[in-house]
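# A look at the structure
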Amino acid sequence: MSVRDTIRTRVDAGTGALIGYLPVGFPNLAESIDAAVAIASNGVDAIELGLPYSDPVMDGAVIQAATQEALRNGFRLRDGFTAVREITSQIDVPILVMTYWNPVVQYGVDRFADDLLAAGGTGLITPDLIPDEASEWIAASERTGLDRVFLAAPSSTGDRLDRVVAQSRGFVYAVSTMGITGARRDVDAAARAVVERLRAHGCDSTCVGVGISTPDQVREVLEYADGAIVGSALVKALGDGGVEGVGRLAADLARGTLAA
């Protein structure tokens, strides 16, 4: 099932989707695969699989530390395709790869799209690529049918929102706050405003990320958005408690979808 269909199924059921982020290769490749399987088995509806990168511009301290450890341990881009292949062989959930654009260009855009499709991936989330500069990726994703998820922020202009809505496939990633990722006590009120603006510009599938870490925050976000994305909290749980720990947190977070 595609990520869009997964989200729509959850919305039609009166809840909303829970999307979990984990980086490939943290704390090592095998455990990162097991962790992804664990969160999907405990209520996460779709997985955002991060590719470690040496120059992150959006990642907060928890995710930066995890991805830097993965790089020190020898992560290579091919490991991302291995992880997608191994995860999809064990669980039936959509997997979007979150990656900065430079590794895709270095690998080759068409080659990357082909290898991701062959591994069973659904598409890409590209935090530093805007639709205006994405012609090569748009062409490759049209050819392969892969999803392309662009970001919308509180600072996005109306023209930018039009382009993001028109070019995204799967959902639009609504950034809930200006700045880097990381768990926060309160999901910014700006998140609701971004989603409302996206709706006004014709978006029918939007998920909120950055700052969500508790079942109550998941529930709050799903009152107005189609999905809630949790990253730093899951990465921290994996680092602190291993695969069992991250599975427990996923089950806890999934409670936030029950009363949405």
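Parameters at a glance
Residues numbered from 1 in each chain as written. Predicted model: local features only at pLDDT ≥ 70, side-chain atom pairs only at ≥ 80, totals over all residues. Heavy atoms only, no water. Phe/Tyr/Trp six-rings, centres within 6.5 Å; stacked < 30°, edge-to-face > 60°. Helix = DSSP H or I, 4+ residues; strand = E, 2+ residues; numbered from the N terminus. Buried < 20%, exposed > 50% of the residue type's maximum accessible area, 1.4 Å probe, protein only. Lys NZ or Arg CZ within 6 Å of the ring centre and 35° of its normal. Pairing = 2+ DSSP bridges. Contact = heavy atoms within 4.5 Å. Axes fitted to C-alpha atoms, helices over the stretch in contact; angles between N-to-C directions. Parallel < 35°, antiparallel > 145°, perpendicular 65-115°, else oblique. Left-handed = near helix turned anticlockwise from the far one by under 90°. UniProt positions renumbered as here; feature names shortened; annotations may be inferred. Right-handed = clockwise from strand over helix to strand, strands pointing away. Salt bridge = Lys/Arg side-chain N within 4 Å of Asp/Glu carboxyl O.

## Let's talk about the packing of aromatic side chains
Scanning the entire structure with this criterion turns up five aromatic pairs. Ring centres of Phe 81 and Tyr 107 lie 5.3 Å apart, and the angle between their planes is 40°; on these two criteria the pair is classed as tilted. With Phe 81 in helix α4 (residues 77-88) and Tyr 107 in helix α5 (residues 101-107), this pair connects stretches of sequence that are 26 residues apart. Residue classification places Tyr 107 among the buried positions, given a relative accessible area of 15%. In textbook terms, an aromatic cluster arises when at least three aromatic residues are bridged by ring pairs, as seen for Phe 81, Tyr 107 and Phe 112. The ring of Tyr 107 has Arg 111 lying over it, and the distance from NZ or CZ to the ring centre is 3.8 Å.

## Quick word on the sheet that holds strand β6 (residues 151-152)
Pairing in this open sheet of nine strands is parallel, and the strands run β5-β4-β3-β2-β1-β9-β8-β7-β6 from one edge to the other. Every interior strand has two partners, whereas the edge strands, β5 (147-149) and β6, have only one. The strands that helix α1 (residues 3-12) touches are β1 (17-23), β2 (46-50), β3 (95-98), β5 and β8 (206-209); relative to β1, the one it contacts most, it runs at about 140°. Against the sheet, helix α7 (residues 135-144) engages β4 (123-125) and β5, with an angle of about 145° to β5.

## A short note on the packing of helix α3 (residues 61-72) against helix α11 (residues 232-258)
Following both chains from N to C, one finds α3 and α11 inclined at 50°, their axes separated by 9 Å at the closest point. The orientation of α3 relative to α11 falls into the category oblique. For the crossing formed where α3 meets α11, the hand is left-handed. For the pair α3 and α11, the contacting residues are Val 62, Ile 63 and Ala 66 in the first and Ser 232, Val 235 and Lys 236 in the second.

## As for the UniProt feature "active site" (unreviewed entry) in the protein chain
This chain's UniProt record puts "active site" (unreviewed entry) on Glu 48 and Asp 59. Checked against the element boundaries, Glu 48 lands in strand β2. The class for Glu 48 is buried, based on a relative accessible area of 2%. If near-sequence neighbours (up to four positions away) are discounted, Glu 48 is found in contact with Ile 19, Gly 20, Tyr 21, Leu 22, Leu 96, Met 98, Ile 125, Tyr 173 and Ile 229.

## Some remarks on the pairing of strand β7 (residues 172-175)
Here β7 shows two buried faces, one formed by Val 172 and Ala 174 and the other by Tyr 173 and Val 175. Bridge count for β6 against β7 is two bridges, and the pairing is parallel. Looking at β7, one finds that Ala 152 is bridged to Ala 174. Of the crossover connections in this fold, the one passing from β6 over helix α8 (residues 158-167) to the parallel β7 is right-handed. Bridge count for β7 against β8 is four bridges, and the pairing is parallel. By the bridge assignment, Val 175 is partnered in β8 with Gly 209.

## Let's talk about the pattern of salt bridges
Under the counting rule described, the total for this entry stands at 14 salt bridges. With its nearest N and O atoms 3.7 Å apart, the salt bridge here joins Asp 132 to Arg 160. Separated by 28 residues along the polypeptide, Asp 132 in the loop between β4 and α7 and Arg 160 in helix α8 bring together distant segments of the chain. For Asp 132, a relative accessible area of 40% translates into the label partly exposed. Given the relative accessible area of 24%, Arg 160 is considered partly exposed. With a closest N to O distance of 2.8 Å, Asp 132 and Arg 163 form a salt bridge. Of this pair, Asp 132 sits in the loop between β4 and α7 while Arg 163 sits in helix α8; the two residues are 31 residues apart in sequence, bridging distant segments of the chain. Under the relative-accessibility criterion, Arg 163 is labelled partly exposed at 33%.

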